[in-house]
Amino acid sequence: MLAKLARTGILIAALGVAGCNDSSMKDFAPEANKPLPDKILADMKAKGMVRTSSVMARIFKEEGKLEIWKAKTNGRYDMVASYDICKWSGKLGPKYTEGDRQAPEGFYTVRPSQMNPRSNYHLSFNIGFPNDYDRANGRTGQNLMVHGACSSSGCYSMTDAQIEQIYAFGRDAFQGGQTEFQVQAFPFRMTAANMARYRNDPNYEFWKMLKVGYDNFEVTKVPPKVDVCEKKYVFNQVAADGQTFNPTGTCPAMTQPDSLKSAFASYEKSYDVAFNAAVKSSTPAPKPTIAGIKEAAIVSDWSKRRARGERVPIEPPSLNPDGSVSETARMGRIDSPAGRKMAALDAEKAAKKKAEEQRLAAIEAAKAAKEAAKAQALAEKEAAKAAKEAPVATATIAAPSDGAPVAETQAASADESRVTKLKNKLLGMFGG
C-alpha cells in the first residue's frame, strides 16, 4: 500500500511540471449546471442574443482580462461579459516548452470533450494547447486550462464565481448546437500604441502574426477561420480547389473575398498612421517578456528540479538581456527526501554562520568593555590629580608693591583677606 502511494506521489509531482494537472476527482458537480444571472440574460436579450447562441472568448494578459463574446441574430458577435483574470503564470509571450510555466498565446479551439465539470479547480475547460501551430513549431505542454480556484502553473485562473459563469456560456452554446468555440489569447490588446511599445521585443514577429487574426475579428466581428501552413498562422484564407493547409508544408494558393480584402486594407491604413504616431510619442515602459526558447528551457529545468523535490529558488529564474540568469535568494523547501536533505544542509550552514557572527560580536563587545574601563581609570586619575593641585594653585597671590596707591593697596589687602579665607576653607576640606 505504501509503495502504491509513493508511486502515486511521484506521478503527481511529474504531472505538476506539465501544467495545472486537472485530474477529475469529484463525483457530483452541481456548479456545472448553474444558470447565468438574470442581469446577464437581460443584457444578452437587449443586444439581440439568445442564451444558446454561439460564443467566443478573448484573453489579454497585460490587461488581465477575459472577455466573452456571443453571436447576435445577425451573425456578428458582441461582447457580453468581461472578467478580471485572477492569476496567470509566466510572462508576456507564448508557451514554448513543457514546464516553462507560460500561459499560452494564440488561437485555440474548445470542444465539449474539453469541458470538465468535475475539475479539481472547481470547473475548467482545456483550451487545446498544443494546437497545429504549436506542434509544427515543436512547442510542448499539456493540461493548459481556464479554471477556477485562483491558482496557476501555466493556466488562466479565475475565481470560482467567475468560472461558473464562463463555463455556463460554453455549456449553453454547446446545448444550442455549437460544436466548438474559439479562444483567442493575446499578450495585450493589439492596438497601435501597444505594438509600438513592444516593437523591439524578441516576440514581436510572433505577435505581428497574431495581430492579423486580431484585426480580422476587429473588422468582421466574426471569429476568423484559422489555418496553419509553413509553420505560420493564416486567417480567413480559402485554399484553391484540391489543395489543403499543411502546418509544416508550403502554403497553398489562397484567396479572400474582395469585400474582406477591402475592409482589411482600410483598417490597416488607419493602423499604420496610428502606429507611426505612437512610435514618436512617450508610452509606458513594456512589461517583462519571455526571452524565447532559451529562457523557456531554463525555467523548464527549474520546474523539473522542483518537481523532483530539490531545493530551488522559490520563484522561477529569469534570463537577462546580457545572457545572465537572475534568481531570487529566497529558497523553497520541498517536502521530499532530496528536499529535506538540502534543507538540512542549508540549516547547518546557517547555524555555523550565526555562531561565527556571535563569536565575533562577543570579541568586539569584550574589546569595547576593556577600552571603556581603561578610559574610566584614566578619567579618575586625572580627577584625583586636579583635586590635589587645586589648593596650591589658589594660594599663590602676588603682594602689592610699596609704591602702589592706597586704594590699590586696600583692594589688594581685601583680596588677600578673601584668598586667606578661601585657603583656610580649602585646607579644611582637604585636611591640611
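A brief structural summary. Keep in mind that what you see is a predicted model, and the values were worked out from it rather than measured. (Residues numbered from 1 in each chain as written. Predicted model: local features only at pLDDT ≥ 70, side-chain atom pairs only at ≥ 80, totals over all residues. Heavy atoms only, no water.)

**Comments concerning the overall build of the protein chain**
Right, so step 1: Each helix and strand in the protein chain was counted, giving 10 helices and 18 strands.
Right, so step 2: Burial analysis of the protein chain (432 residues in total) assigns 38% to the buried set.
Right, so step 3: Here the protein chain has roughly 24000 Å² of accessible surface; of this, 56% comes from carbon and sulfur atoms. (Helix = DSSP H or I, 4+ residues; strand = E, 2+ residues; numbered from the N terminus. Buried < 20%, exposed > 50% of the residue type's maximum accessible area, 1.4 Å probe, protein only. Areas by Shrake-Rupley, 256 points an atom, 1.4 Å probe, with all protein chains shown as cover.)

**Quick look at the sheet that holds strand 9 (residues 156-157)**
Right, so step 1: The strand order 4-9-8-7-6 describes an open sheet built from five strands, whose pairing is mixed. Either end of the sheet is taken by a strand with one partner, and the two such strands are strand 4 (87-88) and strand 6 (115-116).
Right, so step 2: Bridge count between strand 7 (residues 124-126) and strand 8 (residues 145-147): three bridges; the pairing is antiparallel. Note on strand 8: the bridge partner recorded for S124 is H147. (Pairing = 2+ DSSP bridges.)

**Examining the packing of helix 6 (residues 204-220) against helix 7 (residues 258-280)**
Right, so step 1: Where helix 6 contacts helix 7, the axes come no closer than 10 Å and their chain directions differ by 125 degrees. When the interaxial angle is binned, helix 6 and helix 7 end up oblique. Note on packing geometry: the crossing formed by helix 6 with helix 7 is right-handed. Facing Y204, K211, V212, Y214, D215, N216, E218, V219 and T220 of helix 6, the residues of helix 7 in contact are L260, A263, F264, Y267, E268, Y271 and F275.
Right, so step 2: For the contact of helix 6 with helix 7, the residue count by class is 10 nonpolar, two polar and four charged. (Axes fitted to C-alpha atoms, helices over the stretch in contact; angles between N-to-C directions. Parallel < 35°, antiparallel > 145°, perpendicular 65-115°, else oblique. Left-handed = near helix turned anticlockwise from the far one by under 90°. Contact = heavy atoms within 4.5 Å. Nonpolar A, V, L, I, M, F, W, Y, C, P; charged D, E, K, R; others polar.)

**Describing the pairing of strand 1 (residues 55-60)**
Right, so step 1: With six of its six residues buried, strand 1 lies for the most part within the structure.
Right, so step 2: Bridge analysis of strand 1 against strand 2 (residues 65-71) gives six bridges, and the strand direction is antiparallel. Its bridge partner lying in strand 2, V55 is registered against K70.
Right, so step 3: Here strand 1 folds back onto strand 2 in antiparallel fashion, the turn holding four residues, of which G64 has a positive phi close to 65 degrees.
Right, so step 4: Two elements, strand 1 and strand 10 (residues 181-186), share five bridges in a ladder whose sense is parallel. By the bridge assignment, R58 is partnered in strand 10 with Q184.

**A short note on empty space enclosed by the protein**
Right, so step 1: A full pass over the atoms with the stated rule returns one cavity of 30 Å³ or more.
Right, so step 2: Considering only enclosed or pocket space, the largest cavity measures out at about 40 Å³ in volume.
Right, so step 3: Every residue along the wall of the largest cavity is listed here: V55, A57, I68, F125, I166, F169, G170 and F181.
Right, so step 4: For the lining of the largest cavity, the secondary structure elements donating two or more residues are strand 1 and helix 4 (160-175).
Right, so step 5: Looking at the lining of the largest cavity element by element, the count peaks at three residues for helix 4.
Right, so step 6: Tallied by class, residues from the lining of the largest cavity come to seven nonpolar, one polar and no charged. (1 Å grid on protein atoms, 1.4 Å probe; cavity = no way out; pocket = protein on both sides within 12 Å on 5 of 7 lines; lining within 4 Å. Points joined across faces, edges and corners; volume = space filled by probe spheres on them.)

**Regarding the layout of surface pockets**
Right, so step 1: When its volume is computed, the largest pocket comes out at roughly 480 Å³.
Right, so step 2: Looking at the lining of the largest pocket, the elements with two or more residues in it are strand 5 (106-110), helix 3 (132-136), strand 10 and strand 11 (226-229).
Right, so step 3: Split by residue class, the lining of the largest pocket holds 12 nonpolar, five polar and six charged.

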